[in-house]
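Tertiary structure, described
Here is what each chain is made of, one letter per residue.
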4 protein chains.
Amino acid sequence: MSSNDGLRNKGKTRADMEDRRKAVESFTGAKLEHAGQCSFDPIVAEKNVENMIGTIQVPLGFIGPLKVRGDHADGEFLVPLATTEGALVASVNRGASVISASGGAEVIIIKDEMTRAPVFRTRGVRDSRRVVEWVNENFEEIKAVAEGTTRHGKLIKVRAFASGRSLFLRFSYDTGDAMGMNMCTIATEAACRLIEERAGVKLISVSGNMCVDKKPAALNFIDGRGKTVLADVRIPADLVKDKLHTTPEAMVETCYRKNLIGGSMSLSYGSNAHAANMLASFYIATGQDAAQVVEGSMASTTCEICEEGVYVSVRLPCIEVGTVGGGTKLPCQSEALSMMDCLGAKKAKKLAEIAAALVLAGELSTLAAQSAGELGKAHKALGR
Amino acid sequence: MSSNDGLRNKGKTRADMEDRRKAVESFTGAKLEHAGQCSFDPIVAEKNVENMIGTIQVPLGFIGPLKVRGDHADGEFLVPLATTEGALVASVNRGASVISASGGAEVIIIKDEMTRAPVFRTRGVRDSRRVVEWVNENFEEIKAVAEGTTRHGKLIKVRAFASGRSLFLRFSYDTGDAMGMNMCTIATEAACRLIEERAGVKLISVSGNMCVDKKPAALNFIDGRGKTVLADVRIPADLVKDKLHTTPEAMVETCYRKNLIGGSMSLSYGSNAHAANMLASFYIATGQDAAQVVEGSMASTTCEICEEGVYVSVRLPCIEVGTVGGGTKLPCQSEALSMMDCLGAKKAKKLAEIAAALVLAGELSTLAAQSAGELGKAHKALGR
Amino acid sequence: MSSNDGLRNKGKTRADMEDRRKAVESFTGAKLEHAGQCSFDPIVAEKNVENMIGTIQVPLGFIGPLKVRGDHADGEFLVPLATTEGALVASVNRGASVISASGGAEVIIIKDEMTRAPVFRTRGVRDSRRVVEWVNENFEEIKAVAEGTTRHGKLIKVRAFASGRSLFLRFSYDTGDAMGMNMCTIATEAACRLIEERAGVKLISVSGNMCVDKKPAALNFIDGRGKTVLADVRIPADLVKDKLHTTPEAMVETCYRKNLIGGSMSLSYGSNAHAANMLASFYIATGQDAAQVVEGSMASTTCEICEEGVYVSVRLPCIEVGTVGGGTKLPCQSEALSMMDCLGAKKAKKLAEIAAALVLAGELSTLAAQSAGELGKAHKALGR
Amino acid sequence: MSSNDGLRNKGKTRADMEDRRKAVESFTGAKLEHAGQCSFDPIVAEKNVENMIGTIQVPLGFIGPLKVRGDHADGEFLVPLATTEGALVASVNRGASVISASGGAEVIIIKDEMTRAPVFRTRGVRDSRRVVEWVNENFEEIKAVAEGTTRHGKLIKVRAFASGRSLFLRFSYDTGDAMGMNMCTIATEAACRLIEERAGVKLISVSGNMCVDKKPAALNFIDGRGKTVLADVRIPADLVKDKLHTTPEAMVETCYRKNLIGGSMSLSYGSNAHAANMLASFYIATGQDAAQVVEGSMASTTCEICEEGVYVSVRLPCIEVGTVGGGTKLPCQSEALSMMDCLGAKKAKKLAEIAAALVLAGELSTLAAQSAGELGKAHKALGR
């Protein structure tokens, strides 16, 4: 059947895309008038998708100016957010305004490592120890082999975990300005082949789920993955009253009962209001891997009374972002990155710092709204 | 300054959007040529975003035909995926092909409840018990008040959790074909006002993080949120060999050491290969809330030897999707939903079942690839 | 060899015990002068241990009078604690004194169910659903069969969890005044035989680790196991100063940074200072199963400023205790139970309430000590 | 009142103990005939308990000979277990017999560090970083101060965790042959005073719950606390049949559905059958801190088909034991240690290895029993 021929079309040109789109329309009966559009040559996306039939246009808003006082991001930024959730941009924008009026968000990156953890099958616990010893003794050779596959990746360390006949080796890399997951996979595969041959052990999977990619995991929360970023701000009491329509005390109690007690009672990884919202919209806008919002969501938000008024902080253990590779070169996404001067080399840490300040803005605004009893009202007015 | 005037522009027309976009370009120095585009009247997105300056075009591919044997989705589907991760569509497509050749994926929904859990401050543990008793005794009145705010939502139950002076009431709703988060928030706020007044207790926040929205939480994993969906397939051994280039035994060992042992060692919520990938790309394509991939990611994938060859299953405790509301009415997104005849009323369960079959396809393909040692190779060829 | 003959001795009399003890001494070269002692006829312990060679004498102290205002325990109690950790009794005793001077601890039990969860192998997800439906439809028959094995146990409900071909049925029982684990196992095994035969499904294990016995598990933390008990007290500010040598503010900050932030950062189940200490020493003293301290340890302690001074609470989701069965009839243990008039029928709830007040006493004393910087000092003076 | 006088008696002699016991009898009306006994001079226990009124005699059995092939424990051991749970000793003994007949359990210790983690209040995230940098730069001085408080403890490292204004410093020590908790507390307090003064930061609590003592915590599971011990054994198929009355296949399926799937579904820390049982009875017998069974319980047990028959392993991340200090010098407890030649210096690693082999014995026996459907039967025959 001709439609099926179109479905099997493997080409990358605009004409190929059109053929496929028509075949899909024919097969499904759907009209893909908007989804079939693409403002750029589809060949540009050839490394980002297969079976391309068009694009999904996600509404793009922005927040800011958001004042950030990081080691890499220092200044006022307009931050792009792609979302379909009404009220999100408005709420985060309010938070950004408060942060800027308070002098900006302090942001620091305390760790930066991307990981991949293959799993091997050994003979047992003594054999696992033998392999770990081999790996430790031959680290430099392993490093050379792994780094031989990449221009930018640097192997920092290998950490071993063993249980029975399963041996996990968690490789940590500096991946430069790329998020770096694929780089790590390829480098680790090369290292695994060396280890298999030289240490005499069987690789079962290059990813043994101690990486831990796109799953919520205690290991990531504790050790971090990608960039571990901390941010905070001290908001004067009058700003809390005038702009957030609540009090420091009410914000602190909301954060305490909701994030801390509620998070502890539901056994959440992290304790925040809605960090995932900010990260998802930021990641979609800037060509990051949206599925890595999973790890990103494990944020810890605190809120305390301080001399000035209220102190608010976020700890983000897993900000996995890049300014090269992935979806960052796609036309819309690269433009969104450019809004923050975050496109290309030497920008990944800056992007991560802005992400943390962004999450801080969204957290404090929602905590304020909930402490003032305004959440449903906002959604009624702006969303729905 | 004129640029700042543009930034403060609150309008919703295309002209307003253009003004804002230009102001952003002026402020940041970035050119928003592609991101500034929008194939539809921006007024259409007025409930989905604020400060709109354009759209992000996310590359759209599809997989299928995918044969699904659900209670609501029964047939062969082309499934839209919006992603920037190369190799993802190709890999899932391979899995879909194997599922279809194996007779299709069995899918069932075993629970369907959306939740919102306010937190109250009581006098202490006895006072909390008093309030809980009041809630139980007056459930019908609470239900009437909550349901008075919505045409579609039905309050199913209220479950109480107490610790010290914090009392959490987890409201569970049937939200029809909407994902329903906002509906639940508004209904719960109304119920809270009744409870505050009649039971004499102080509401601290309409969301007390036992909901649990967009955070990875044990409570959601165990009790489910949105739709809890199970899917499985039995793949004949020859298909495993011919199409997946591995063996049932190798797939089973990969799943065992990676998902189960690895997931247990990293203390992951769920035990899967990359469920978040399929959900993120599916959610973006179909106008779902991308941040809810966080809960969705807590999938459990199993792989066992069976008479036919290999048995593969997924348990998805939190598929939070709708076919009305949210981003589902946006032009591209509604077209993507139409590809599966999943737009509008009476379609949400169907959509959830397709999502589960989709995750199953992606899981089995990646487990097969990893058991055959092909992961890095695929990413080298298709992604990067 | 004669020593090995003695090791194989299966008898229960004092003479048998002596023979075994001598054989152990001969085999090991150790002298069991104290451990070989036993103030009672060993036949009394025949249901509690095999290969008996004597007893371990654990030092027994007490705390109190501890004023408890529970629904079942109402009055002042001396509470026995068997421990080898110096400073523990003294510290808890201080807490008890403060509680009593504050008018006593309020205690309530909000749930009381003991569980056992077998796991079955089904054909797949649809087959699992079929079995669950059969169980629901035939609940009364299952209940009759389960209860036919026990005089005291009552089957309350069966909750199903399914993933792939694994089907878990969590049976919840009222076990009267026994902790009831064995009662539940035997009753559930009978129910399983019925289900296997009538529903046509294969039992794999009568315990499928969703019970969850003696493992730290989110399921238990959230749903409770045994008795879920809440306790609290309001301590006047002058008592905090005079008896605890600290301030309400310091206690609250210690609880906040240690239990809540620290517990959240280490991903602990529960958020307490040392609940396990009180439970372990209480369980050993009263003939409970010491391994169930594992579940018991998942306590949540809160500390807040209140009008009177400081409010302290504990939530104990899994107090698994009995006043009949297990070790409760052993001579020392039954005497310890008698100290609180907690031996025999109709006393288990009372015992659980005293346990919660005891934990509260220990928690507040340690929080106070740590907030006053006294922990190491206490251990230096009283322990080691 | 005279009874109250007795209650307040602070002495340590046998006469003081008698006075107190009589006062307790008088206050409570209980007779403490057995509990009042003590085969040794109470002064011996003066560092282990306060308000001593006697002892609790816990029935003592043993298992073995258990063949252990560790780096520190190498030979056949009779292992003392103090318990009130019928069938436990018999079941573990069966496992020990199978291990010994299989050539013994391989055991290795892969980490040995005791931890204490104070929490400080800083000005914010940049201030936390400043303090961490100070700590890193002055590690040698901190080490000297900490080690100045102890003869045996050696500070290995300090690991920092920060969130908002809370800074946690996790101190790791080599504590020689002591379990070492008190040693660590005292040394860490000294270090904290130095840090407070020199780095200008406020200590809130010497224990900030990232230690993590006696709470189930992901941090301990992943990083270990005390000794991390691995053990395994390969059991010939005929032994499985003859002694365990089941098959390798049935054991593997039980372990898979119960420990792995069940543990994953209940979100347990660890995946084992009943490790806490073995540790609790072993700890009580040998004078360990029974509350540390909490961390000990987080064992991971695996069971796989191997050439010989079945492979069984345990991973025990937190075996916190000592052969000096704590309750190890008490008469019965020191005798129990002597049974394994584990009393005093240079024996703690040996004791930990025996503990791991013991857990392995108990695990394989219970997995076998459950796979053969014998659990309830055993408890009916031997326990209640």
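Residues numbered from 1 in each chain as written. Chains lettered and ligands numbered in written order. Predicted model: local features only at pLDDT ≥ 70, side-chain atom pairs only at ≥ 80, totals over all residues. Heavy atoms only, no water.

Considerations on helix 4 (residues 125-137) of chain C
- Compared with the 18 Å implied by 1.5 Å per residue over 13 residues, the 18 Å span of helix 4 of chain C between its first and last C-alpha is a close match.
- By the burial criterion, the buried members of helix 4 of chain C are Val125, Asp127, Ser128, Val131, Val132, Trp134 and Val135 of chain C. (Helix = DSSP H or I, 4+ residues; strand = E, 2+ residues; numbered from the N terminus. Expected span 1.5 Å × (residues − 1). Buried < 20%, exposed > 50% of the residue type's maximum accessible area, 1.4 Å probe, protein only.)

Overview of the packing of helix 10 (residues 275-286) of chain C against helix 13 (residues 348-371) of chain C
All names here are of chain C.
- Helix 13 packs onto helix 10 with a crossing angle of 135° between their chain directions and a minimal axis gap of 8 Å. Considering the angle they form, helix 10 stands oblique to helix 13. Here the hand of the crossing between helix 10 and helix 13 comes out right-handed. When helix 10 is examined against helix 13, the residues Ala275, Met278, Leu279 and Phe282 are found in contact with a partner set consisting of Leu351, Ile354, Ala355, Leu358, Val359, Gly362 and Glu363.
- A breakdown of the residues in the contact of helix 10 with helix 13 according to their chemical character gives nine nonpolar, one polar and one charged. (Axes fitted to C-alpha atoms, helices over the stretch in contact; angles between N-to-C directions. Parallel < 35°, antiparallel > 145°, perpendicular 65-115°, else oblique. Left-handed = near helix turned anticlockwise from the far one by under 90°. Contact = heavy atoms within 4.5 Å. Nonpolar A, V, L, I, M, F, W, Y, C, P; charged D, E, K, R; others polar.)

Describing the interface of chain C and chain B
- Of the residues lining the interface, 36 residues belong to chain C; the matching set on chain B comes to 36 residues.
- Interface area, chain C with chain B, both sides summed: about 2900 Å², of which 47% is carbon and sulfur.
- Seen at the junction of chain C and chain B, the total is eleven salt bridges.
- For the side of chain C that touches chain B, the elements supplying multiple residues, two or more each, are strand 1 (54-70), strand 3 (105-116), helix 4, strand 5 (154-163), helix 7 (218-223), strand 8 (226-236), strand 9 (300-305) and strand 10 (309-319) of chain C.
- Taken together, the residues of the side of chain C that touches chain B break down into 14 nonpolar, seven polar and 15 charged. (Buried area = accessible area lost by both parts, 1.4 Å probe. Salt bridge = Lys/Arg side-chain N within 4 Å of Asp/Glu carboxyl O.)

Some points on the pattern of salt bridges
- Across all of its chains, the model carries 123 salt bridges over all chains by this definition.
- Put simply, glutamate 253 of chain D and arginine 121 of chain C hold a salt bridge, and the shortest N to O gap is 2.7 Å. Taken as a pair, glutamate 253 of chain D in helix 9 (residues 248-265) and arginine 121 of chain C in strand 4 (residues 119-121) lie in two separate chains rather than in one.
- Residues participating in the shared-partner salt-bridge network are Glu85 of chain A together with Asp213, Lys214, Arg225, Asp289, Glu295 and Glu320 of chain B.

Observations regarding helix 9 (residues 248-265) of chain B
Residues and elements named next belong to chain B.
- Spanning 18 residues, helix 9 covers 24 Å between terminal C-alpha atoms, matching the ideal 26 Å at 1.5 Å per step.
- For helix 9, the buried fraction is high: 16 of the 18 residues fall into the buried class.
- Leucine 267 lies just past helix 9 and shows a positive phi near 50°.

Things to note about the relation of the copies chain D and chain C
- When chain D is fitted to chain C, the residual RMSD is 0.0 Å, and the transformation amounts to a turn of 180° plus an axial shift of 0.0 Å. Here the transformation between the copies is reduced to the relation of a two-fold axis.
- In this assembly, 100% of the residues forming the interface of chain D have copies in chain C that are likewise at the interface, indicating an isologous arrangement. (Least-squares fit on C-alpha atoms with pLDDT ≥ 70 in both.)

Things to note about the packing of helix 3 (residues 88-101) of chain D against helix 8 (residues 237-244) of chain D
Residue and element names in this part refer to chain D.
- Where helix 3 meets helix 8, the axes come as close as 11 Å, and the angle between the chain directions of the two elements is 155°. In terms of axis orientation, helix 3 runs roughly antiparallel to helix 8. The element helix 3 and its partner helix 8 pack so that their crossing is right-handed. Contacts between helix 3 and helix 8 involve Arg94, Ser97, Val98 and Ala101 from the former and Leu239, Lys243 and Leu244 from the latter.
- Among the residues forming the contact of helix 3 with helix 8, the class breakdown is four nonpolar, one polar and two charged.

A look at the domain arrangement of chain A
Residues and elements named next belong to chain A.
- The assigned domain composition of chain A is domain 1 (60-111 + 227-382) and domain 2 (118-205).
- Between domain 1 and domain 2, the C-alpha centre-to-centre distance is 35 Å.
- With 14 residues of domain 1 in contact, the opposing surface of domain 2 contributes five residues.
- When domain 1 packs against domain 2, close to 560 Å² is buried across both sides, 48% of that on carbon and sulfur atoms.
- In this structure, the connection of domain 1 to domain 2 is made through zero salt bridges.
- The tally of links between domain 1 and domain 2 comes to five residue pairs in polar contact (both at pLDDT 80 or more).
- Counted by class, the side of domain 1 that touches domain 2 contains four nonpolar, four polar and six charged residues. (Domains from an automatic or database assignment. Polar contact = N/O pair within 3.5 Å; in protein donor to acceptor, adjacent residues only side chain to side chain.)

A look at the environment of phenylalanine 221 of chain D
- With respect to the element layout, phenylalanine 221 of chain D can be found in helix 7 (residues 218-223).
- The exposure class assigned to phenylalanine 221 of chain D is buried, which follows from its relative accessible area of 0%.
- Excluding residues that lie within four positions of it along the chain, phenylalanine 221 of chain D makes contacts with Ser264, Met265 and Leu267 of chain B together with Tyr269, Gly270, Met298, Ser300, Arg315 and Pro317 of chain D.

Details of the interface of chain D and chain C
- Across the contact, 129 residues belong to chain D and 129 residues belong to chain C.
- For the chain D and chain C pair, buried surface summed over both sides reaches about 10300 Å², with 60% attributable to carbon and sulfur atoms.
- Seen at the junction of chain D and chain C, the total is four salt bridges.
- In this assembly, chain D and chain C are joined by 62 residue pairs in polar contact (both at pLDDT 80 or more).
- Considered class by class, the residues forming the side of chain D that touches chain C number 60 nonpolar, 45 polar and 24 charged.
- Taken together, the seven bridges between strand 1 of chain C and strand 1 (residues 54-70) of chain D define a ladder with antiparallel strand orientation. Opposite isoleucine 56 of chain C, over in strand 1 of chain D, you have valine 58 of chain D as the bridge partner. (Pairing = 2+ DSSP bridges.)

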